[in-house]
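Here is what each chain is made of, one letter per residue.
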Amino acid sequence: MGGITQSHYRPIEKKVIETLLETKSQSATSRLLKIGRSTIRLVMEQAVERGMSLRDKDRIYEHLCIDEKSYQKHHRYGSILYDEDGTVIDVVEGRSKDSVRELFAGCLSPKQRMCVRTIAMDMLDTFINGAKTYLPNALICHDHYHLVTYLQDAVDKVRKREVKHQAELRKSKYLWLKDRMSFTDGERLRFDALSVAIYETSRAWHIKEMFREITFGGEYQYQNIQYWLWKMLARAKHIPEIDKVLNMFDSHDIGIMNAMRTGRNNGKAERRNGAIQELRTVGRGFYDFQHFRTTILFFHGGLKLC
């Protein structure tokens, strides 16, 4: 423990936990308490282990979310399981078939798995197949957030293709991705001019915005009609990048319909993802997966830490 005697460990452990929760930074906590980061990491690991052991093993989760999150560069991912409030249930390394089995079968009891009614996710095959295998009573819901993200990516791909021949589109990437409410006056003027011009990027952006206006979780029959009309109008534009997303949506219509009907989504989980990203930024990345898991559960696992 870096020179800390056993008799002084518990009070210092409590101080480390309190300071970490206040600063959200292991580096800042190390500086403030003049304790090495290896000691801080050990305190976090022991606190998480203790908190996980104290969790209610009989708690029923009716609604879950699963998502992926990179913890290092070069596409190193972890899979995260959330409850409906966005609290992290657990994190496993990777997003493979084995990772998903570990997350569902290892973190939830058979009774808990049988009681899950919905699970919100994107369209990753391993997530879908895992949910079908281990959550037999759960409706798979492809939530609005992830669907819009696929369309945003398509808009950017159209821009990348078209900018080679349309000089006006240069340096406009973030205009097509940014929330219009956050525009500066100059950005708004430029975007308004680009969005009404005869560019495929502009047409793709309008298709994406039309989809954003379909609110999931309201009047299902009305939303259903809106969705099918939207797909018909989007296909009529014959934009290859958009057509690819539409084909993907076609293959997952049941999950999209489930999300429309139930209103289940990854909204709270995505906000939690933003907080996790902030932890990664403040800490300048994670050294390894175990550090990633410990940090997430420490700050966002809803655990009794001391």
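Look up a bit, the structure's there.
Undergrad: Sorry, what's going on with the nonpolar core here?
TA: A general tendency of soluble globular proteins is for nonpolar side chains to be buried together. Residues Phe 211, Trp 230, Ile 242, Phe 249 and Ile 256 are the most contacted members of the largest nonpolar core, which totals 35 residues. Residue assignment for this core shows that the elements contributing at least two residues are α7 (144-162), α8 (173-177), α9 (185-195), α10 (200-212), α11 (220-235), α12 (240-251) and α13 (253-262). It is α7 that contributes the most residues to this core, six residues altogether. Residue contacts for Trp 230: discarding those within four places in its chain leaves Leu 151, Ile 207, Met 210, Phe 211, Ile 214, Leu 246 and Phe 249. Counting residues in each nonpolar core, the second largest holds 28 residues, with Ala 47, Ala 120, Leu 279 and Ile 296 among its members.

Undergrad: How should the packing of α7 against α12 be read in this particular structure?
TA: The axes of two packed helices give the description: the angle between them and the distance between them. Two elements in contact, α7 and α12, have axes separated by 8 Å at closest approach and are oriented at 160°. In terms of axis orientation, α7 runs roughly antiparallel to α12. The interaxial crossing formed by α7 with α12 has right-handed handedness. Across the interface between the two elements, Leu 147, Tyr 150, Leu 151, Ala 154, Lys 157, Val 158 and Arg 161 from α7 touch Pro 240, Glu 241, Ile 242, Val 245, Met 248 and Phe 249 from α12. Classifying every residue of the contact of α7 with α12 gives 10 nonpolar, no polar and three charged.

Undergrad: Explain unusual backbone geometry to me, please; I cannot follow it from the model alone.
TA: Apart from glycine, the bulk of residues carry a negative phi angle, and the bulk of peptide bonds sit in the trans form. The phi torsion at Lys 34 lies on the positive side, around 55°, for a residue other than glycine. By the element assignment, Lys 34 lies in the loop between α2 (26-33) and α3 (37-53). Even without being glycine, Lys 171 reaches a positive phi, approximately 60°. Relative to the helices and strands, Lys 171 is located in the loop between α7 and α8.

Undergrad: Hey, could you run me through the pairing of strand β4 (residues 118-121) in this one?
TA: Put simply, side chains in a regular strand alternate between the two faces of the sheet. Residue alternation in β4 divides its side chains into two sets, Thr 118 and Ala 120 and Ile 119 and Met 121, and both sets are buried. Relative to β4, strand β1 (residues 63-72) runs parallel, the two being bridged by three bridges. For His 63, the partnering residue across the bridge sits in β4 and is Thr 118. Pairing geometry for β4 and strand β5 (residues 139-142), over four bridges, is parallel. Paired with Ile 119 across the two strands is Ile 140, which belongs to β5. This β-α-β element, β4 to helix α6 (residues 125-134) to β5, shows right-handed connectivity.

Undergrad: What should I look at first to understand the packing of aromatic side chains in this one?
TA: Aromatic rings in a pair are described by how distant their centres are and how their planes are angled relative to each other. Under the defined criterion, the tally for this structure stands at 14 aromatic pairs. Pairing Trp 176 with Phe 191 gives two aromatic rings, centres 5.0 Å apart and planes at 65°, and the pair type is edge-to-face. Taken together, the residues span a long stretch of sequence, with Trp 176 in helix α8 and Phe 191 in helix α9 at a distance of 15 residues. For Phe 191, a relative accessible area of 0% translates into the label buried. Taken together, a centroid distance of 4.8 Å and an interplanar angle of 55° make the contact between Phe 211 and Trp 230 tilted. Of this pair, Phe 211 sits in helix α10 while Trp 230 sits in helix α11; the two residues are 19 residues apart in sequence, bridging distant segments of the chain. Both residues of the pair, Phe 211 and Trp 230, belong to the buried class. Every member of this aromatic cluster is reached through a ring pair, and the members are Phe 211, Phe 216, Tyr 227, Trp 228, Trp 230 and Phe 249. Against the face of Tyr 77 rests Arg 95, its NZ or CZ located 3.8 Å from the ring centre.

Undergrad: Please explain the packing of α7 against α10 as it appears in this structure.
TA: Between α7 and α10, the least distance of the axes is 8 Å, while the angle of their chain directions is 175°. Considering their axes alone, α7 and α10 lie roughly antiparallel with respect to each other. Two secondary-structure elements touch here, α7 through His 144, Leu 147, Val 148, Leu 151, Gln 152, Val 155, Val 158, Arg 159, Arg 161 and Glu 162 and α10 through Glu 200, Thr 201, Ala 204, Trp 205, Lys 208, Phe 211 and Arg 212. Residues belonging to the contact of α7 with α10 are distributed by class as follows: eight nonpolar, three polar and six charged.

Cut-offs used in this document
- Residues numbered from 1 in each chain as written.
- Predicted model: local features only at pLDDT ≥ 70, side-chain atom pairs only at ≥ 80, totals over all residues.
- Heavy atoms only, no water.
- Core = buried A, V, L, I, M, F, W, Y, C linked by side-chain atoms within 4.5 Å.
- Buried < 20%, exposed > 50% of the residue type's maximum accessible area, 1.4 Å probe, protein only.
- Helix = DSSP H or I, 4+ residues; strand = E, 2+ residues; numbered from the N terminus.
- Contact = heavy atoms within 4.5 Å.
- Axes fitted to C-alpha atoms, helices over the stretch in contact; angles between N-to-C directions.
- Parallel < 35°, antiparallel > 145°, perpendicular 65-115°, else oblique.
- Left-handed = near helix turned anticlockwise from the far one by under 90°.
- Nonpolar A, V, L, I, M, F, W, Y, C, P; charged D, E, K, R; others polar.
- Pairing = 2+ DSSP bridges.
- Right-handed = clockwise from strand over helix to strand, strands pointing away.
- Phe/Tyr/Trp six-rings, centres within 6.5 Å; stacked < 30°, edge-to-face > 60°.
- Lys NZ or Arg CZ within 6 Å of the ring centre and 35° of its normal.

From the geometry alone we can't say anything about function, so treat these as descriptive.
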